[in-house]
Amino acid sequence: MASPGADKPNIRQVAELAGVSHMTVSRVLNDHPHIREATRRRVEEAIEALGYRPSMTARALATQRSRRIGVLVESALTFGPTSTLYAVESAARASGYEVSSVLLRAGEEITPQEAVDHLLALGIDALCVVAPRSSSIAALRRIAVGVPVLVVKPDKDPTFLTVTVDQQAGTALAVDHLVSLGHRDILHLAGPLDWLDARTRERSFHARTKSWGLRERPIVVGDWTADFAYDFARGIRELPDYTAIFVANDDMAVGLVHGLHDRGFSVPGDLSVVGFDDIPLAQHVIPPLTTVRQNFDALGVSVVDVLRAAIEEREIPAVTRIPAQFVARSSSAPPRKADR
């Protein structure tokens, strides 16, 4: 009786089917840049036909790389960071890489230094930081990482590689939508401003409303949670002057709509609400939530593409800012009449 795995295809069978040497197959597997496209395609077709799966251990020995990406995630219980982590893991697997992650949660004692040390001990080839706060970026600058570091953050950085969904453009889409409906007084319910995405959305909101000549008013700073926004809405005693609220994430937007309903206000009759993220629940709340969709799948692919290029010392891909998409639903409408 044949032993388990006896019929498993090997690299020499791939080479024979593709009509190349086993060294050429190895170069294709390790993304060697100097392979003719026709040869690469023949090898990939042979790999697919045979169902060949290369050994990660063999790859690591051949390239002196572990083919492992470390991911450091802050606030991993919220939708955006979690979705980004899943997307990076999926894109990494598709590229023959593994992912090891460490989650930093509020109130836990693990420091960025300890988290990075843990990932480096696993032999990672590169590090990705998701949903960073400005304080964690400052801490990261003091750490000698020794491998390429990419930060998922809205702005370019002199020290780190960066990839992001276009937060500025997404915020502009939200403001432009409300202006197109006739709103001229919009409140912003922001996320915690130590978070880089929240800060960028807040600044972009002020810049866009100013460009439209809208009334400037103080923002409300939240904590990303539906509970905070619900409590805020419940605290509104009478119909405010503003006619719309742009909320920094959908979790808070859902809590806000709930609180406004319980307070006796209509959405969008009294107040229009626009969120950010397009969580799966957004289209099922009442009313369905107008929001800005972040393409996390494309974000994950871009993160892995940039890190692979850095690991393999190739030119960094030019596209590192993923477009945001506006999704208009029923929670936004023209502003209430003045006599309401």
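Residues numbered from 1 in each chain as written. Predicted model: local features only at pLDDT ≥ 70, side-chain atom pairs only at ≥ 80, totals over all residues. Heavy atoms only, no water.

Named according to an unreviewed UniProt entry, the protein is LacI family DNA-binding transcriptional regulator originating from Isoptericola peretonis.

Participant: Describe the sheet that holds strand β1 (residues 68–74), with residues and values.
Facilitator: Sheet strands associate in pairs through backbone hydrogen bonding, adopting either a parallel or an antiparallel arrangement. If you trace the 6 strands from one edge of the open sheet to the other, you get β2-β1-β3-β4-β5-β11, paired in parallel fashion. On the outer flanks of this sheet lie β2 (98–104) and β11 (321–322), each paired with one strand and no other. Judged from the 3 bridges that link them, strand β3 (residues 126–130) and strand β4 (residues 149–152) form a sheet pairing that is parallel. Within β4, the residue paired with Cys 128 across the bridge is Leu 150. Across the sheet, helix α7 (residues 134–141) touches β1, β3 and β4, and the angle it forms with β4 is around 170 degrees. (Pairing = 2+ DSSP bridges. Helix = DSSP H or I, 4+ residues; strand = E, 2+ residues; numbered from the N terminus. Contact = heavy atoms within 4.5 Å. Axes fitted to C-alpha atoms, helices over the stretch in contact; angles between N-to-C directions.)

Participant: Any chance you could break down the pairing of strand β6 (residues 186–190) for me, citing the residues and the numbers?
Facilitator: Across the 5 residues that make up β6, a large majority, 5, are buried. Covered by surrounding structure in β6 are Ile 186, His 188 and Ala 190 together with Leu 187 and Leu 189, the residues of both alternating faces. (Buried < 20%, exposed > 50% of the residue type's maximum accessible area, 1.4 Å probe, protein only.)

Participant: Can you explain helix α10 (residues 226–234)? Please cite residues and give values.
Facilitator: Considered for burial, the residues of α10 that qualify are Ala 229, Phe 232 and Ala 233. Looking down the long axis of α10, one finds its buried residues gathered within 95 degrees of arc, a one-sided arrangement. Projecting away from the buried face of α10 at angles above 90 degrees are the exposed residues Asp 227 and Asp 231. Where α10 is buried, its residues meet β6, β7 (220–221) and α11 (250–263). (Arc of directions from axis to C-beta.)

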